[in-house]
Amino acid sequence: MEVSSLPISASHRGKLISAGYSSLSSLSSVSPSKLAQDLKISENEVLEILKVVSARKWVDKIENRSHAIMNGAQTAWDILHEEESSICITTSCSDLDEILGGGIRCKEVTEIGGVPGIGKTQLGIQLAVNVQIPADYGGLGGKAIYIDTEGSFMVERASQIAEACAEDMLEYNSLLRKDSQACRVDKPPKAFMDNIFYFRICTYTEQIAVVNYLEKFINEHKDIKIVIIDSITFHFRQEFEDMALRTRLLSGMALKLMKLAKKFNLAVVLLNQVTTKYNEGSFQLTLALGDSWAHASTNRIILYWNGNERYAYIDKSPSMRSASAPYAVTSRGIRNSASNCKRVKLM
Amino acid sequence: MKPEDLLRHPLPTQTPKLTLGCPILDRFLGGGIPCDTITEIFAESGTGKTQLSLQLLLAAQLPISRGGLSASSLYLHSEFPFPSRRLHQLSFYRPHLPQNPLDRIFVEPLHSTDHLLDVLPRLDFLVPKLNIKLIVIDSIAALFRGEYENTPLELKRRSGVFFKISSKLKFLAREFGLAVVLTNQVVDVMGSSNNLRIGNSMSLCSSGRTVCAALGLSWANCVNMRLFMWREEEKVGMSEEERLGEGDGSFQRLQTRRFIRVVFAPHLPDSSCEFVIRREGILGVS
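Not measured: the values here are computed from a predicted model.

Cut-offs and rules
- Residues numbered from 1 in each chain as written.
- Chains lettered and ligands numbered in written order.
- Predicted model: local features only at pLDDT ≥ 70, side-chain atom pairs only at ≥ 80, totals over all residues.
- Heavy atoms only, no water.
- Helix = DSSP H or I, 4+ residues; strand = E, 2+ residues; numbered from the N terminus.
- Contact = heavy atoms within 4.5 Å.
- Areas by Shrake-Rupley, 256 points an atom, 1.4 Å probe, with all protein chains shown as cover.
- UniProt positions renumbered as here; feature names shortened; annotations may be inferred.
- Salt bridge = Lys/Arg side-chain N within 4 Å of Asp/Glu carboxyl O.
- Buried < 20%, exposed > 50% of the residue type's maximum accessible area, 1.4 Å probe, protein only.
- Pairing = 2+ DSSP bridges.
- Axes fitted to C-alpha atoms, helices over the stretch in contact; angles between N-to-C directions.
- Phe/Tyr/Trp six-rings, centres within 6.5 Å; stacked < 30°, edge-to-face > 60°.
- Core = buried A, V, L, I, M, F, W, Y, C linked by side-chain atoms within 4.5 Å.
- Buried area = accessible area lost by both parts, 1.4 Å probe.
- Polar contact = N/O pair within 3.5 Å; in protein donor to acceptor, adjacent residues only side chain to side chain.
- Nonpolar A, V, L, I, M, F, W, Y, C, P; charged D, E, K, R; others polar.
- Patch = residues over 30% accessible without salt bridge, like charges linked within 9 Å, V, L, I, M, F, W, Y side chains within 5 Å.
- Parallel < 35°, antiparallel > 145°, perpendicular 65-115°, else oblique.
- Left-handed = near helix turned anticlockwise from the far one by under 90°.
- Disulfide = S-S within 2.5 Å.

Colleague: Describe the overall build of chain A, naming the residues involved and giving the relevant values.
Modeller: Tallying secondary structure elements over chain A gives 13 helices and 11 strands in all. Considering only contacts in chain A between residues 6 or more positions apart, those separated by 24 or more positions represent 63%. About 16800 Å² of surface is accessible on chain A, with carbon and sulfur atoms providing 55% of the total.

Put into structure tokens, the structure is as follows:
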């Protein structure tokens, strides 16, 4: 925006330009007295000019929606618009996607917890594969960082899930696009594996170091759209003498992850264990790491057994209502629960 | 050590596995016991945990082409006595072993959890020096079951020790590519209503009793893969001669059938397999 287009008197305009104030931004940081000196006019006149300038800038902001009162700030409208246009990472289980509002969201920290053997790692691996589904197939076409603190990531299983995902894409292709040219394998399973950056962590010091290093790593490796930590808990459940230190370390890590999610527009998924909590005379199951940690994540999903079926329950979410949905762990990965399909059909 | 050193990229295509020494059981476990992780086997006494452990100690010495790790193994035992005779017997019947296999099996008795915590740091240099690729702890439950009282504070302290041991073992497993096998005992489940379910099955039965793994929920978080072995006593119909001989069957012959099941594992579906214990070791039945 140029000074020449400002609705001020021609003499003022000329003085401004000849004094070197050619753009609006050059006027934003100057003090009125300095400007009065430079232009050799009275301070009252200067204040008039600055009033016009700030009014003009305000109009610009609303028109462009790009600049803000402060750097980096956004209006609620901008954020809503962005959220509506953002793509979620599917869990490959449509019932679960539905209660999550489409899947795992970018720019958010999602915590998933459950008892051993419920399928936390399976869901983690599934997401590391699904984030790579190309945009043509409604995915993000991104890459994944998998931080394994427990040693449960199995390459055999990951390539099995990747193969099933590639097959599904091929099937989708042949259904949707009849032309033979499009019916080719876009992504061999090997490529899926190459796009998973796997860190194996053995102490909590290593875990903190890697979380601190992530920003640099993501800067160097574009297209990373998901960071999965499996699990956030393991190394923090050893004998920590100083529980206050543990809380500080954990909340520091949570803040860093939250910042990464915002800055690089990526999803952060933290897997957590469950523990028993003594409450009013009985033991109850809760996610590990205590009450202050509960604030660390945007969304919390609890996985549990209901009879012989696995269920996921939204425990905390700013935008989705509490709901639960069944899912199944199959040889091809996370899928809809088979018995649920029957129920839907019956109705 | 830099954080970028912890990145493993590109990923290997296969996790190294240790054979169980039986093709049927190997197929059941997708190739064998995986390295780099902790495998737990729990069963009631007399089902075959120790038998399987001994077999693994020998299998680790097999050349890599035969599914072994061509390395030594370490056996930490808290259940006494050490079954040296059976190990010696097995070493004759297992094929393809190198000369004097017992020389490459290191044995250390464990008397308490503190003792185990003393032993673990020493392994940092012992494991590479002795070329150990398999650690078996038989059993982890025996260490803990006497030592802690059943109060919330003691249990909290106990679970802290669980995570400490598990994290040290996982560190060794990653650092040296070890297979780690732990055995665990069972406890009876009382009242099935508010029973916490861990893994693939609602209830596990052994010898007609409903059981679950000892050491509770927090320990279950410490292992990567859990296998359950159980046995069933089955009445067998008497043979023709017996029936002709003594008339009414005051004797009933009981036959023990043994099974193994995946309770949870990151790479295996819920499945089970029958096995038998013979002089030459544990063999799967297809």
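Colleague: Just give me the short version of the UniProt feature "domain: RecA family profile" (unreviewed entry) in chain B, but keep the residues and values in it.
Modeller: Feature annotation in UniProt assigns "domain: RecA family profile" (unreviewed entry) to the following positions: residues 14-186 of chain B. When the span residues 14-186 of chain B is considered, its composition is 44% helix and 20% strand, and the gap between its end C-alpha atoms is 32 Å.

Colleague: Break down the pattern of salt bridges for me, citing the residues and quoting the values.
Modeller: Residue and element names in this part refer to chain B. Under the definition given, this model contains 27 salt bridges over all chains. Close ionic contact of Glu40 with Arg226 constitutes a salt bridge, the shortest N to O distance being 2.4 Å. Of this pair, Glu40 sits in strand 4 (residues 38-43) while Arg226 sits in strand 12 (residues 225-236); the two residues are 186 residues apart in sequence, bridging distant segments of the chain. Since its relative accessible area comes to 0%, Glu40 is described here as buried. Overall, the relative accessible area of 4% leaves Arg226 in the buried class. One salt-bridge network, held together by shared partners, links Glu44, Asp188, Arg209, Arg231 and Glu233.

Colleague: Residues and numbers for the sheet that holds strand 10 (residues 204-206) of chain B, please.
Modeller: Residue and element names in this part refer to chain B. With antiparallel pairing, the 3 strands of this open sheet are ordered in space as 9-11-10. This sheet does not close on itself; its edge strands, each paired only once, are strand 9 (186-188) and strand 10. Strand-to-strand twist of the sheet, defined as the mean angle between neighbouring strand axes without regard to direction, takes the value 55°. Sheet analysis places strand 10 next to strand 11 (residues 209-213), joined by 3 bridges and oriented antiparallel.

Colleague: Any details on the packing of aromatic side chains? Residues and values, ideally.
Modeller: This structure, assessed with the given rule, holds 18 aromatic pairs over all chains. Measuring from ring centre to ring centre gives 5.5 Å for Phe228(B) and Trp230(B), while their planes differ by 10°; the resulting arrangement is stacked. With relative accessibility at 1%, the residue Phe228(B) sits in the buried group. What links up through ring pairs into an aromatic cluster is the set Phe197(A), Phe199(A), Tyr213(A) and Phe217(A).

Colleague: Talk me through the nonpolar core; I want residue IDs and the actual numbers.
Modeller: Inside soluble globular proteins, nonpolar side chains tend to come together where they are buried. Within the largest apolar cluster, 94 residues are counted, with the highest numbers of intra-cluster contacts made by Ile226(A), Leu116(B), Ile135(B), Ile137(B) and Phe144(B). Ignoring anything within four residues of it in the chain, the contact list for Phe144(B) reads Thr113(B), Arg158(B), Val161(B), Phe162(B), Ile165(B) and Leu215(B).

Colleague: Lay out the sheet that holds strand 15 (residues 281-285) of chain B with the relevant residues and their values.
Modeller: All names here are of chain B. The 9 strands lie next to each other as 6-5-7-8-4-12-13-14-15, forming an open sheet whose pairing is mixed. Two strands lie at the open edges of the sheet, namely strand 6 (105-109) and strand 15, each paired on one side alone. Strand-to-strand twist across the sheet, computed as the mean angle between neighbouring axes with direction ignored, equals 25°. As judged from the 4 bridges shared by strand 13 (residues 253-264) and strand 14 (residues 272-278), these two strands associate in the antiparallel manner. The residue of strand 14 that forms the bridge with Arg258 is Phe275.

Colleague: With reference to specific residues and values, describe the interface of chain A and chain B.
Modeller: Tallying the contact residues gives 41 residues for chain A and 43 residues for chain B. When the two sides are added together, the surface that chain A and chain B hide from each other amounts to roughly 3800 Å², 61% of it contributed by carbon and sulfur. Counting the surface chain A buries against chain B, the share from its top three residues, Pro116(A), Met154(A) and Arg200(A), is 17%. Put simply, chain A and chain B have 2 salt bridges between them. Arg174(B) is the salt-bridge partner of Glu206(A), the closest N and O atoms lying 3.3 Å from each other. Linking chain A with chain B are 12 residue pairs in polar contact (both at pLDDT 80 or more), by the criterion used here. At the level of secondary structure, the elements contributing two or more residues to the side of chain A that touches chain B comprise helix 8 (155-176), helix 9 (189-194), strand 3 (196-200), helix 10 (204-220) and strand 6 (274-279) of chain A. Element by element, the count of residues in the side of chain A that touches chain B is highest for helix 10 of chain A, at 6 residues. Of the residues assigned to the side of chain A that touches chain B, the class counts are 20 nonpolar, 11 polar and 10 charged.

Colleague: Report on a nonpolar patch on the surface, specifying residues and quantitative values.
Modeller: Residues and elements named next belong to chain A. Taken together, Tyr172, Leu175 and Leu176 make up a surface patch of nonpolar side chains, about 320 Å² in accessible area. Within the secondary structure, Leu176 sits in helix 8. Accessibility expressed as a relative area gives 55% for Leu176, which makes it exposed.

Colleague: For the pairing of strand 9 (residues 309-316) of chain A, give the residues involved together with the corresponding values.
Modeller: When a strand is regular, its side chains alternate between the sheet's two faces. Residue and element names in this part refer to chain A. Where strand 8 (residues 299-306) meets strand 9, 7 bridges bridge the pair, whose relative direction is antiparallel. Within the sheet, the bridge partner assigned to Ile301 lies in strand 9 and is Ile314. Adjacent in sequence and paired antiparallel, strand 8 and strand 9 are bridged by 2 residues, among which Gly307 carries a positive phi angle near 65°. One ladder, built from 4 bridges, connects strand 9 with strand 10 (residues 324-330); its direction is antiparallel. Bridge pairing links Tyr311 to Pro326 in strand 10.

Colleague: Account for the packing of helix 10 of chain A against helix 11 (residues 243-263) of chain A, naming residues and giving values.
Modeller: For any two helices packed against each other, the geometry is given by the interaxial angle and the distance between the axes. Residues and elements named next belong to chain A. Running from N to C, helix 10 and helix 11 point in directions that differ by 20°, and their axes come no closer than 11 Å. With respect to their mutual orientation, helix 10 and helix 11 come out roughly parallel. Where helix 10 crosses over helix 11, the two elements pack in a sense that is left-handed. Within the contact between the two elements, helix 10 uses Tyr204, Gln207, Ile208, Val211, Asn212, Leu214, Glu215 and Ile218 and helix 11 uses Leu249, Met253, Lys256, Leu257, Lys259, Leu260 and Lys263.

Colleague: Summarise the side chain of Thr39(B); cite the residues concerned and give the values.
Modeller: All names here are of chain B. Relative to the elements of secondary structure, Thr39 occurs in strand 4. Look at Thr39 and you get buried, because its relative accessible area is 0%. Setting aside residues up to four positions removed in sequence, Thr39 forms contacts with Ile33, Pro34, Val180, Val181, Leu182, Met225 and Leu227.

Colleague: Can you explain the state of the cysteines? Please cite residues and give values.
Modeller: All names here are of chain A. This model, assessed by the stated rule, comprises 0 disulfides over all chains. The thiol of Cys88 is unpaired, and the distance to the nearest cysteine sulfur, on Cys106, comes to 7.5 Å. Given the relative accessible area of 16%, Cys88 is considered buried.

Colleague: Describe in detail the environment of Ala325(A), supporting the description with residues and values.
Modeller: Residue and element names in this part refer to chain A. As for its position among the elements, Ala325 is in strand 10. A sequence separation of 108 residues divides Ala325 from Phe217, and the C-alpha atoms of the two residues are 35 Å apart. If we ignore the near neighbours within four places in the chain, the residues touching Ala325 are Asp95, Leu96, Ile99, Arg310, Tyr311 and Ala312.

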